Amino acid sequence: MSSALQETFSPRSLPNAFTATRLALVPVLLLLAAADNPNAFVAVLAVAFATDGIDGWLARRFKLESALGAKLDSRADMALWLSLPIATWLLRPEFVHAEAATIGLLLASLVLPLVAGVAKFRRVPSYHTWLAKGTAAVLAGAMLSIYLDGPLWPFRLATVLAVLSAIEEVVITALLPEWRADVRSWRAAQRIRARGQAS
């Protein structure tokens, strides 16, 4: 077996395979939403959310973290989260009308850190902060609740957390002297900056 094939099918590639699956499910979700098939949509969305937890856990557990994996994870997350407003508009238009301001705030909190990172580093940030991970978990539950006609308060809580996470990521971008992946908090960015100034 060639080295390229060995790498493709090696355990090292497993976290990235889950991440790539999440990315590949985005058009499937949009097609299911356009076809007005909420049950299948929710099932596929649950799988997509599950891959987001599995890929990171595998990478950390087996020390398979890499710059490529972090970049792919960020792109898959961005594609998934940016597709959900379209899907929600198609499946739950009444929710979109009622929560338009909250949805706008949530979208701004997703886009602002990207803009700040690209403006400073010419690269999409890939920090994977603890706050962002917690926010993603709450938001995942909130979105499933919306599609299953559950309560709205988890979505509003997730939006507050997303705003706080966006602020933290912008602060991290401001603190870092150069682009880095997997910066878990603004305090970690502070330490990185202090080490750079001390050297």
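Above this note sits the structure.
Anyway, here's the lowdown on the structure attached to this text. All values reported here derive from a predicted model rather than from experimental measurement. (Residues numbered from 1 in each chain as written. Predicted model: local features only at pLDDT ≥ 70, side-chain atom pairs only at ≥ 80, totals over all residues. Heavy atoms only, no water.)

Thoughts on the environment of E99
The residue E99 is located in the loop between helix 5 (93-98) and helix 6 (100-121) in this model. It is 30 Å that separates the C-alpha atoms of E99 and A119, two residues lying 20 residues apart in sequence. E99 has contacts with L152 and R156, leaving out every residue within four places of it along the chain. Of note is the side chain of E99, whose polar atom sits 2.4 Å from the side chain of R156. (Helix = DSSP H or I, 4+ residues; strand = E, 2+ residues; numbered from the N terminus. Contact = heavy atoms within 4.5 Å. Polar contact = N/O pair within 3.5 Å; in protein donor to acceptor, adjacent residues only side chain to side chain.)

A word on the packing of helix 3 (residues 38-61) against helix 7 (residues 130-147)
Between helix 3 and helix 7, the shortest axis-to-axis distance is 10 Å and the interhelical angle comes to 165 degrees. When the axis of helix 3 is compared with that of helix 7, the two are roughly antiparallel. Relative to helix 7, helix 3 is oriented so that their crossing is left-handed. Contacts from F41, V42, L45, A46, F49 and R60 in helix 3 reach K133, A140, M143, L144 and Y147 in helix 7. (Axes fitted to C-alpha atoms, helices over the stretch in contact; angles between N-to-C directions. Parallel < 35°, antiparallel > 145°, perpendicular 65-115°, else oblique. Left-handed = near helix turned anticlockwise from the far one by under 90°.)

Overview of the packing of helix 2 (residues 14-34) against helix 4 (residues 67-91)
Two elements in contact, helix 2 and helix 4, have axes whose closest approach is 9 Å; the angle formed by their N-to-C orientations is 15 degrees. With respect to helix 4, the element helix 2 is oriented roughly parallel. Crossing handedness for the pair helix 2 and helix 4: left-handed. Residues that form the contact of helix 2 with helix 4 fall into these classes: 16 nonpolar, four polar and four charged. (Nonpolar A, V, L, I, M, F, W, Y, C, P; charged D, E, K, R; others polar.)

Brief notes about unusual backbone geometry
Positive phi is not limited to glycine here, since R122 has a value of about 60 degrees. With respect to the helices and strands, the residue R122 is situated in the loop between helix 6 and helix 7. One non-glycine residue with positive phi stands out, namely D149, at about 60 degrees. Turning to its location among the elements, D149 is positioned in the loop between helix 7 and helix 8 (153-175).

Brief notes about helix 2
With 21 residues, helix 2 ought to run about 30 Å at 1.5 Å a step, and its terminal C-alpha atoms sit 31 Å apart, in line with that. Its axis deflected by about 30 degrees at V26, helix 2 carries its strongest bend there, up to four residues before the proline P27. Looking only at helix 2, the buried set comprises P15, T19, R22, L25, V26, L29, L32 and A33. Looking at the packing, one finds that the buried side of helix 2 touches helix 3 and helix 4. (Expected span 1.5 Å × (residues − 1). Bend = angle between axes of the 7 residues up to and from the residue. Buried < 20%, exposed > 50% of the residue type's maximum accessible area, 1.4 Å probe, protein only.)

Brief notes about the environment of A40
Mapped onto the elements, A40 comes out in helix 3. For A40, a relative accessible area of 24% gives the class partly exposed.

Details of a positive patch on the surface
A cluster of like positive charges, contributed by R180, R187, R191 and R195, occupies part of the molecular surface. Within the secondary structure, R191 is located in helix 9 (residues 186-198). (Patch = residues over 30% accessible without salt bridge, like charges linked within 9 Å, V, L, I, M, F, W, Y side chains within 5 Å. Areas by Shrake-Rupley, 256 points an atom, 1.4 Å probe, with all protein chains shown as cover. Salt bridge = Lys/Arg side-chain N within 4 Å of Asp/Glu carboxyl O. Lys, Arg positive; Asp, Glu negative; His and termini not counted. Charge placed at Lys NZ, Arg CZ, Asp CG, Glu CD.)

Observations concerning the packing of aromatic side chains
Tallying each qualifying case throughout the model produces four aromatic pairs. Measuring from centroid to centroid gives 6.1 Å for W57 and F62, while their planes differ by 90 degrees, and the two rings are edge-to-face. Judged by its relative accessible area of 47%, W57 falls in the partly exposed class. Overall, the relative accessible area of 46% leaves F62 in the partly exposed class. (Phe/Tyr/Trp six-rings, centres within 6.5 Å; stacked < 30°, edge-to-face > 60°.)

Description of the pattern of salt bridges
In the structure shown here, the tally under the stated rule is six salt bridges. Two residues, D52 and R22, come together in a salt bridge whose shortest N-O distance is 3.4 Å. Here R22 lies in helix 2 and D52 lies in helix 3, a separation of 30 residues in the sequence. Relative accessible area serves as the criterion here: at 21%, D52 is assigned to the partly exposed category. For R92, the salt bridge goes to D149, with nearest N and O atoms at 3.4 Å. Of the two residues, R92 is situated in the loop between helix 4 and helix 5 and D149 in the loop between helix 7 and helix 8; the sequence distance between them amounts to 57 residues. Given a relative accessible area of 12%, R92 falls into the buried group. Each of R22, D52, D55, D73 and D77 takes part in one network of salt bridges that share partners.

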